[in-house]
Amino acid sequence: MTPVVQHAPAFTPEEAIRIAAGYYGLAVSATPLPSERDQNFRLRDTSGAQFVLKIANSEEALEILDLQNKALGVLGAADTGLVWPRIVRTLSGNPVVPVGEAGGQAYFVRMLTWVDGVCFANVQHRAALLASLGCALGKVDRALMGFSHPAANRKLYWDLRHASLARPHLALLADRRRAQVEPLLDAVEALNWSALPQSVIHGDANDYNILVDEAGAQVATILDLGDMVRTATVCNLAIALAYVMLGEQDPIAAAAQVAAAYHRERPLSDAEIDALDTLAGARLAMSVCYCAWQLRHAPENEYLNISNRPAWQLIEKLAVFPSGWARDVFRRACGLDAPPTPGALLVSRRKHLGPSLSISYREPLHIIRGWRQYLCDSGGRAYLDCVNNVAHVGHCHPRVARAASEQMALLNTNTRYLHEHLSAYLERLTATLPGPLSVVYLVCSGSEANELALRLARAHTGREGVIVVETAYHGNTNALIDISPYKFDGPGGRGRPAHVTVVPMPDVYRGRHRKADSGARYAEYVASAAMAAPPAAFFCESALSCAGQVMLPAGYLRNAYDAVRAAGGVCVADEVQTGFGRAGSHFWMFETQGVVPDIVTLGKPIGNGHPMGAVITTPEIAASFANGMEYFNTFGGNPVSCAVGLAVLDVIRDEGLQENARDAGEYLLKGLKDLAGRHPLIGDVRAQGLFLGFELVRDRETLEPAADEASEIVNRMKERGILLSTDGPLHNVIKIKPPLVFGRADADLLVDGLDGVLRG
Ligand code: PMP
């Protein structure tokens, strides 16, 4: 038992009834209310009027009770929009009366009128409620601005200024947890307190002290003035924010809504806004530290464990965000550093950006920051990014960003000079590929890679023709549009050029062949195309992306490659979307088919967003291309790009991202399959690692595509803070290819969100 708890009074309800009768002249019934260090009873008299009888801890000084009573008087008289309990005086007119317990110990007793309401902890935190809370806190702080009381100048250990008092308890935490909490205490200790205005604050607007009206829309009152203290005014808001964020899917955005409403009532200074996240973090740190300490004294207290859990979850969640993220969100929410409005950005975009480009979502997003698997919009909202396979190792990975900026500050030239980054990168990249693939061309995009692959194949074979798969997309150049049915058969396309043969998409869900031998069956189309018109190359993604996240059936590439090679053609694996460990089981998706291509093309994830691409081929094909005409690429393979490429490979290895793709991918696949079991709209779920898709159909027999539904789901998921997109020739496939740091918890969030949207 902790010392304060030891001094908690232990009156019975009968004694409370006697106190109400003897000191207040009230005939009441009494029900105990929970309190850790004091004792409170809910009283009801014969007329139905309700009161709270508050019996203070024997350690509580009379002057602290006087502080509370005076503050209640100030708050009651101010325009806070809240309902404050009134002090009920004893028959002899005293606001506080000492009462003895059976054992002889004296306790100070007060009576307050009852205020109805529901705990903030037990209601849904809609935007209106968060705004109401911010407004209430701002009004309370404003009302107390001129209030002073000698007892408020005390050293209270819950005062955030004394956060370091929690430091000794760090030793009670497990290493991993200590590592999360210590920086929170470091940050608050480094604060410049003299920049923060001071006043007497409530100091404990926690989620059980905030009462909300029955409708859950408005804050009714803030109970328990037992932690009142004179300190930095902004601590009051920060403490409330620590609790507001508990259990929130997007805690920082929820806190920002409260802060913004507060700021309208009591404008925060720059220094106050900048201190908010540190102070809220300090409150969480103190809370878990004291809880660890209490648990040591009362290990059997399951309640302590339960109440502690959301705080730990929140600390873990917040630890994911880079420092400064929450501060930036709060600044913008309060109207500082205001970004341009989406409307203004759209106007200039429409005016000056080539119009052959669509923008995602009905209401476009203005994304201003990225971190790991999250994107943050200008309103401070975080989104779980389930589609960005470019930010492969996580948005803005610090190792990648550092590698780029350090090299950028040192040297950026081209591949006509020797450079250790270039040599190291060539070694590292080729080491990930099977033996014959040992010659690299470094370029700047997936399109450049495929464009060059086409030239290599043509130089090697002396032929023009290309076999491609229905709905394939290989890039944006002239030559690549010609081999991309997705484009030449799509809007604005001019149809299939004569030198191109299109083979059916090896789709085992909707296509012609759906049985165990479908890989071989579909490869027969490649074989007959190669026989009819021997090609320079067969271009094929190792899992089809634009075609709707289609996994190639077993044996497809092996049979197709055999046929193409028998006809003298070259086999190109487009790994622009699928490479670098996304497959989970293998580093390259083509490995899942048990083949070795003649040329592999890389892009998107290779530089985690830095524009890079690569073509890797055999010495024989490279020799055919070396006909005297130089291949020079101004930017390809420059020292900055190589430093970035190396950092990406390092991170994939050091953070075990391929293994994570396997684990999180399998877990998500199972979740999606369960979902398909409950929702007939999901006709098919397919996946290889963190490359997944699910196809929506209105009828599982006819497979009537549900494109409108797919688009609706994507938009509704965005409203829930989860980013997805659609693809496939019928626009009815929802694709999932997140940064590889996407974990099981993200998969749960995604599946739960989809379940909610599908249930309507
Ligand atoms: N190949 C595939 C399979 C792609 O998906 C893309 C881009 N979507 C490209 C090539 C072209 O890459 P980039 O846009 O980097 O030129």
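Residues numbered from 1 in each chain as written. Predicted model: local features only at pLDDT ≥ 70, side-chain atom pairs only at ≥ 80, totals over all residues. Heavy atoms only, no water.

With that out of the way, let us pick up the packing of aromatic side chains. By the definition in use, this model includes 15 aromatic pairs. Pairing Phe 11 with Tyr 107 gives two aromatic rings, centres 5.6 Å apart and planes at 80°, and the pair type is edge-to-face. Of this pair, Phe 11 sits in the loop between α1 (3-6) and α2 (13-24) while Tyr 107 is found in strand β6 (residues 106-113), placing the two residues 96 residues apart along the sequence. Assessed through its relative accessible area of 5%, Phe 11 is described here as buried. On the basis of relative accessible area, Tyr 107 is assigned to the buried category, the value being 6%. A ring pair is formed by Tyr 522 and Tyr 525, whose centres lie 6.2 Å apart and whose planes are at 40°; its orientation type is tilted. Linking Tyr 522 with Tyr 525, this pair stays in helix α17 (residues 518-532), spanning three residues, or about one helical turn. Assessed through its relative accessible area of 1%, Tyr 522 is described here as buried. Looking at Tyr 525, the relative accessible area reads 23%, which means it is partly exposed. (Phe/Tyr/Trp six-rings, centres within 6.5 Å; stacked < 30°, edge-to-face > 60°. Helix = DSSP H or I, 4+ residues; strand = E, 2+ residues; numbered from the N terminus. Buried < 20%, exposed > 50% of the residue type's maximum accessible area, 1.4 Å probe, protein only.)

On to empty space enclosed by the protein. For the structure on display, the rule yields three cavities of 30 Å³ or more. Size it by volume and the largest cavity reaches roughly 50 Å³. As for the largest cavity, its lining consists of Val 469, Glu 470, Thr 471, Ala 472, Tyr 473, Cys 540, Glu 541, Leu 544, Ser 545, Cys 546 and Ala 547. Residues that form the lining of the largest cavity fall into these classes: seven nonpolar, two polar and two charged. By volume, the second largest cavity is sized at about 40 Å³. Considering the residues around the second largest cavity, the lining is formed by Leu 156, Trp 158, Asp 159, Leu 160, Ile 201, Gly 203, Asp 227, Val 229, Cys 235 and Ile 239. Of the residues that constitute the lining of the second largest cavity, the class distribution is seven nonpolar, one polar and two charged. (1 Å grid on protein atoms, 1.4 Å probe; cavity = no way out; pocket = protein on both sides within 12 Å on 5 of 7 lines; lining within 4 Å. Points joined across faces, edges and corners; volume = space filled by probe spheres on them. Nonpolar A, V, L, I, M, F, W, Y, C, P; charged D, E, K, R; others polar.)

Right, let's get into the site of the ligand. Near the ligand, the surroundings consist of Ser 445, Gly 446, Ser 447, Asn 450, Tyr 473, His 474, Gly 475, Glu 541, Asp 574, Val 576, Gln 577 and Lys 604. Between the ligand and Gln 577 there is a distance of 2.7 Å, counted from an oxygen atom to a side-chain nitrogen or oxygen. No other element matches helix α14 (residues 446-461), which puts three residues into the shell around the ligand. In terms of residue class, the shell around the ligand is made up of two nonpolar, seven polar and three charged. (Near = heavy atom within 4 Å. Polar contact = N/O pair within 3.5 Å; in protein donor to acceptor, adjacent residues only side chain to side chain.)

Moving on to the nonpolar core. Soluble, globular proteins show a tendency: their nonpolar side chains are buried together. Of all hydrophobic cores here, the largest spans 186 residues; its most connected members are Leu 279, Phe 538, Tyr 556, Leu 672, Leu 724 and Leu 750. When residues in this core are grouped by element, the largest group, 13 residues, is from helix α8 (residues 270-297). When sequence neighbours within four positions are dropped, the list of residues in contact with Tyr 556 reads Val 469, Val 503, Pro 504, Pro 506, Gly 519, Tyr 522, Ala 523, Val 526, Phe 538, Cys 540 and Gln 593. Val 443, Ala 453, Ile 483 and Val 500 belong to the second largest nonpolar core, which has 23 residues in total. (Core = buried A, V, L, I, M, F, W, Y, C linked by side-chain atoms within 4.5 Å. Contact = heavy atoms within 4.5 Å.)

With that settled, consider the packing of helix α4 (residues 127-143) against helix α7 (residues 251-265). Here α4 crosses α7 at 40°, and the two axes come no closer than 7 Å. Accordingly, the angle class assigned to the pair α4 and α7 is oblique. As for the relative orientation of α4 and α7, their crossing is right-handed in sense. Across from Ala 127, Leu 130, Ala 131, Leu 133, Gly 134, Cys 135, Leu 137, Gly 138, Lys 139, Asp 141 and Arg 142 in α4, the residues of α7 making contact are Ala 254, Gln 257, Val 258, Ala 261, Tyr 262 and Glu 265. (Axes fitted to C-alpha atoms, helices over the stretch in contact; angles between N-to-C directions. Parallel < 35°, antiparallel > 145°, perpendicular 65-115°, else oblique. Left-handed = near helix turned anticlockwise from the far one by under 90°.)

Once that is clear, we can look at the sheet that holds strand β14 (residues 382-385). Overall, mixed pairing links the four strands, which are arranged β12-β13-β14-β24 in an open sheet. The two strands at the open ends of the sheet, each matched to only one other strand, are β12 (367-371) and β24 (722-723). Bridge analysis of β12 against strand β13 (residues 374-377) gives four bridges, and the strand direction is antiparallel. When the sheet's bridge partners are listed, Gly 370 is paired in β13 with Leu 375. (Pairing = 2+ DSSP bridges.)

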